[in-house]
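Here is how the chains run, residue by residue.
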Amino acid sequence: MQDQSKALHSSFKFDPSTNAVAVPIYQTSSYAFNSSEHAANLFSLSEFGNIYTRLMNPTTDVLEKRMADIEGGTGALACASGMSAIFLAVTTVASSGDHIISSASLYGGTETLFRYTLKKFGIEVTFLEDFSSANIQSAVKENTKLVYAESIGNPQGDVIDFEEIAESAHQNGIAFMVDNTFAPVFFKPFQHGVDIVVYSCTKWIGGHGTSIGGLIIDSGNFNWGQGRYDDFTTPDESYHGLVYWEALGDVPGMGNVAYIIKARVEGMRNIGMCPSPFNSFQVIQGLETLPLRLEKHAENALALAHYLESHEKVSWVNFTGLENHPSHERAKKYFASGQFGSVFGFGIKGGVEQAKKFIDSVEMAYHLANVGDSRTLVIHPASTTHQQLSEENLLKIGIKPDFVRVSVGIESIEDIIADFDQALAKI
Ligand SMILES: *Cc1c(COP(=O)(O)O)cnc(C)c1O
């Protein structure tokens, strides 16, 4: 099946007990066991099934299986938010005393998680502005557990050379994790050497701005038994001595699920950032039209970028989809035809005051801190989402004072352009 069909059909046909076609919201905390033996089997992982909603839920399960299918992975774990998914994904492989190599071009929340919160947990992060394989090679240490990047950098729109980075991570026996929030469906990270993918479902996947959610997906391709990952090859005390790589590295009918099950039975079970079944239902509603919506987002983004490029009050437009963007060719190589995402930055002549005036003057577009909504959104990152960064760090990641960020929605392009046009006329 193609992605748009999978988004509607994968992993759920109808509810076996009621024949309901919409995925039911199983709003339950717990599940009855059939017998003592059944209960014991579930807890020992010799049989997979429902125990408690912190660990799994049938509504959430549809979301996980459907996204794993679209992504081409062996399994997925849904989380309460994108940030919790990233935290859980990272701490499934790294703990106190470990090291991570990350691109410096990161979502604001991830940047502060990596720079400040992980440090408190004893995890050190090296940020690379130039995320090249040569720089990665020289940053690798004995305790390095992860190479981390985003598929489309925010806000610069930079795209890394995934295959080259994957190769240098794998040469060192290190897993490569990518946040694919900005490029779902039109970029398939596992086809280019990425081992683990994380998402904020709050953005395009949910797509309607109703719910916060996150996901972790395992490619099933990484060999955790190569030596760097003691946690996978020695018994887990918290789970009656389970050795993840031995027990789950090659499960018949499932493949390599060592990482994703470790994330569930160690991370999710002990930390508990599970999504509510209602939010999973909302994300599934979004997922049903995701491939379709992405095409419209992409088309509108390109048209708006072209319009702004030729506007006399706009000093620059920084969009991966434009030929003058430094990552344009690379994006064309890795992404599905004509898709470059729908978030970009542009500068308004005159600087910060004019940028703020523009934002205060749009009428249809919303001024809010989100991306990937069906509606067009604008914000001034320097004074809002990236406010915690120093001026020097802001400039380093390409946020100039006149920078306006737009997340282009799926309204009629005529209306989006008309709105921007009247707002630009007021400054
Ligand atoms: C929004 C976002 C996150 C965080 O997700 P939440 O669902 O808001 O917790 C992480 N990464 C990227 C790229 C994002 O856009």
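Remember, predicted model here, so these are calculated numbers, not experimental data.

### A word on the overall build of the protein chain
- A tally of regular secondary structure across the protein chain gives 16 helices and 12 strands.
- Overall size of the protein chain, expressed as C-alpha extent along the three principal axes, is 70 × 55 × 35 Å.
- Out of the 427 residues belonging to the protein chain, those deemed buried represent 57%.
- Counting only contacts in the protein chain whose residues sit at least 6 apart along the sequence, the fraction spanning at least 24 positions is 72%.
- Mean positive and mean negative side-chain charge positions of the protein chain (30 and 49 charges, respectively) differ by 4 Å.

### Looking at the sheet that holds strand β11 (residues 377–379)
- If you walk across this open sheet you meet the five strands as β8-β9-β12-β11-β10, and the pairing is mixed. With partners counted over all chains shown, the strands left at the sheet margins are β8 (314–318) and β10 (366–367), one partner each.
- In terms of strand pairing, β10 meets β11 through two bridges, oriented parallel. Within β11, the residue paired with His 367 across the bridge is Val 378.
- Against the sheet, helix α12 (residues 290–309) makes contact with β8, β9 (343–348) and β12 (403–407), and its axis sits at roughly 10° relative to β9, the strand it touches most.

### What to know about the pairing of strand β6 (residues 196–200)
- The buried fraction of β6 amounts to five of the five residues, a majority that puts the element mostly inside the structure.
- By the alternation rule, side chains of β6 split into Ile 196, Val 198 and Ser 200 and Val 197 and Tyr 199, which are all buried.
- Across three bridges, strand β5 (residues 175–179) lies against β6 in parallel orientation. Bridge pairing in β6 places Met 177 opposite Ile 196.
- As defined by bridge partners, β6 adjoins strand β7 (residues 214–218) across five bridges and the pair is classed as antiparallel.

### Some points on the pattern of salt bridges
- The full count for this structure, using the stated rule, is 14 salt bridges.
- When the shortest N-O distance is used, the salt bridge between Arg 115 and Glu 111 registers 2.7 Å. Taken together, the residues Arg 115 and Glu 111, both in helix α5 (residues 108–120) and four residues apart, mark about one turn of the helix.
- Residue Arg 115 is classed as partly exposed on the basis of its relative accessible area, which comes to 29%.
- Here Glu 124 makes a salt bridge to Lys 141, at a shortest N to O gap of 3.0 Å. You can see Glu 124 sitting in strand β3 (residues 124–128) and its partner Lys 141 sitting in the loop between α6 (133–139) and β4 (144–150), a full 17 residues away along the chain.
- On the accessibility criterion, Lys 141 (33% relative accessible area) is partly exposed.
- Linked through salt bridges whose partners overlap, the residues forming this network are Asp 231, Lys 262 and Glu 266.

### Quick notes on the packing of helix α4 (residues 82–91) against α5
- One can describe the packing of α4 onto α5 by two numbers: an axis separation of 11 Å at closest approach and a directional angle of 45°. Looking at the two axes, α4 sits oblique to α5. Two packed elements cross with a definite hand, and for α4 against α5 that hand is right-handed. For the pair α4 and α5, the contacting residues are Met 83, Ile 86, Phe 87 and Val 90 in the first and Gly 109, Thr 110, Leu 113, Phe 114 and Leu 118 in the second.

### Some details on the domain arrangement of the protein chain
- Partitioning the protein chain into structural domains gives domain 1 (3–286) and domain 2 (290–425).
- Its C-alpha centre places domain 1 at a distance of 29 Å from the equivalent point of domain 2.
- Tallying the contact residues gives 35 residues for domain 1 and 36 residues for domain 2.
- Overall, the association of domain 1 and domain 2 removes approximately 3,000 Å² of surface from exposure, summing both partners, and the carbon and sulfur fraction of that is 59%.
- If you look at where domain 1 meets domain 2, you find one salt bridge.

### Considering the site of the ligand
- Taken together, 13 residues lie around the ligand, and Gly 82, Asp 179, Ser 200, Thr 202 and Lys 203 are the ones closest in.
- In this structure, Ser 200 approaches the ligand through a side-chain N or O atom, which is 2.8 Å from an oxygen atom.
- Contact between the ligand and Lys 203: an oxygen atom at 2.7 Å from a side-chain N or O atom of the residue.
- Within the complex, 93% of the 380 Å² of free accessible area of the ligand lies under protein.

### Points about unusual backbone geometry
- Positive phi, close to 70°, is recorded for Ser 11, a residue that is not glycine.
- In this structure, Ser 11 sits in the loop between α1 (3–9) and α2 (36–43).
- Residue class for Ser 11 comes out partly exposed when judged on its relative accessible area of 38%.
- Although it is not a glycine, Val 185 adopts a positive phi angle of roughly 65°.
- The topology assignment puts Val 185 in the loop between β5 and β6.
- Judged by relative accessible area, which is 15%, Val 185 ranks as buried.

What counts, and where the lines are drawn
- Residues numbered from 1 in each chain as written.
- Predicted model: local features only at pLDDT ≥ 70, side-chain atom pairs only at ≥ 80, totals over all residues.
- Heavy atoms only, no water.
- Helix = DSSP H or I, 4+ residues; strand = E, 2+ residues; numbered from the N terminus.
- Buried < 20%, exposed > 50% of the residue type's maximum accessible area, 1.4 Å probe, protein only.
- Contact = heavy atoms within 4.5 Å.
- Lys, Arg positive; Asp, Glu negative; His and termini not counted.
- Charge placed at Lys NZ, Arg CZ, Asp CG, Glu CD.
- Pairing = 2+ DSSP bridges.
- Axes fitted to C-alpha atoms, helices over the stretch in contact; angles between N-to-C directions.
- Salt bridge = Lys/Arg side-chain N within 4 Å of Asp/Glu carboxyl O.
- Parallel < 35°, antiparallel > 145°, perpendicular 65-115°, else oblique.
- Left-handed = near helix turned anticlockwise from the far one by under 90°.
- Domains from an automatic or database assignment.
- Buried area = accessible area lost by both parts, 1.4 Å probe.
- Near = heavy atom within 4 Å.
- Polar contact = N/O pair within 3.5 Å; in protein donor to acceptor, adjacent residues only side chain to side chain.
- Areas by Shrake-Rupley, 256 points an atom, 1.4 Å probe, with all protein chains shown as cover.

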